[in-house]
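Now for the letters of each chain:
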Amino acid sequence: MRLFVTGMLLLVFATCTSPSTSETRYQKLAVAYCECTAQLAVLNRQADTANPARLSAYFQQMQTEYDKARECAATIVAEFGHLKPAELDSLNDVLVSRCPAVANKRDLLQELLGE
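Read on for a plain summary of the structure. It should be emphasised that the depicted structure is a prediction, and the values quoted were computed from it without experimental measurement.

Observations concerning the pattern of salt bridges
And then number 1: Applying the stated criterion across every chain, the model contains four salt bridges.
And then number 2: A salt bridge links E65 to K68; the nearest nitrogen and oxygen atoms lie 3.4 Å apart. Residue E65 and its partner K68 are both found in helix α3 (residues 55–80); the two are separated by three residues, about one turn of the helix.

Below you can see the structure in the form of structure tokens.
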């Protein structure tokens, strides 16, 4: 019985002193999302400064990368599930520091990971 109580106390202590599960979850989500959308962000920056005559080519590349990002995001959703609006906000807060190039793009975040 003593061993059981000691084990339970250690479990409670470990849970209280470890980072919160949701924080760890958002960190993992952010890393995966950044990887999925990295090339899309690069193309978006290039298109912002591109010669207007080349925009059509950039849009075609962006569509291809968007499709790849959707496929990649499907693996995130399979692991973590679709995110509710409040969770999208929390994830965006992490993205601001983790990969600002894709942060504050709520529509894209909603399309790829939202319900």
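Re the packing of α3 against helix α5 (residues 106–113)
And then number 1: Contact pair α3 / α5: the axes reach a minimum separation of 8 Å and the direction vectors enclose 60°. Taken as axis vectors, α3 and α5 run oblique relative to one another. Contacts between α3 and α5 involve Y66, A69, R70, A73, I76 and V77 on the former and, on the latter, L108, E111, L112 and L113.

Observations concerning the side chain of N92
And then number 1: Residue position: N92 is located in helix α4 (residues 85–98).
And then number 2: When its relative accessible area of 14% is taken as the criterion, N92 is described as buried.
And then number 3: In contact with N92, not counting residues within four places along its chain, are A103, N104, K105 and L109.

Cut-off values and rules
- The numbering scheme is per chain: residues are counted from 1 as the chain's sequence reads.
- Under the rules for a predicted model, residues below a pLDDT of 70 receive no local features and side-chain atom pairs below 80 are neither given nor counted, while totals for whole chains, interfaces and linings still include all residues.
- In computing side-chain properties, one takes all heavy atoms of the structure into account and sets aside hydrogens as well as water.
- The term salt bridge refers to a pairing of a side-chain nitrogen on Lys or Arg with a carboxyl oxygen on Asp or Glu at a separation within 4 Å.
- Strands here are runs of E lasting at least two residues and helices are runs of H or I lasting at least four, both read from the DSSP assignment and numbered beginning at the N terminus.
- Only the contacting stretch of a helix is used when fitting its axis, a line to C-alpha atoms as for every element, and angles between N-to-C directions run 0 to 180 degrees.
- Note on terminology: angles under 35 degrees are roughly parallel, angles over 145 are roughly antiparallel, angles of 65 to 115 are roughly perpendicular, and the others are oblique.
- Whether two residues are in contact is decided by their heavy atoms, any of which lying within 4.5 Å being enough.
- Burial classification: accessible surface area is computed with a 1.4 Å probe over protein chains only, and a residue below 20% of its type maximum counts as buried, one above 50% as exposed, and the rest as partly exposed.

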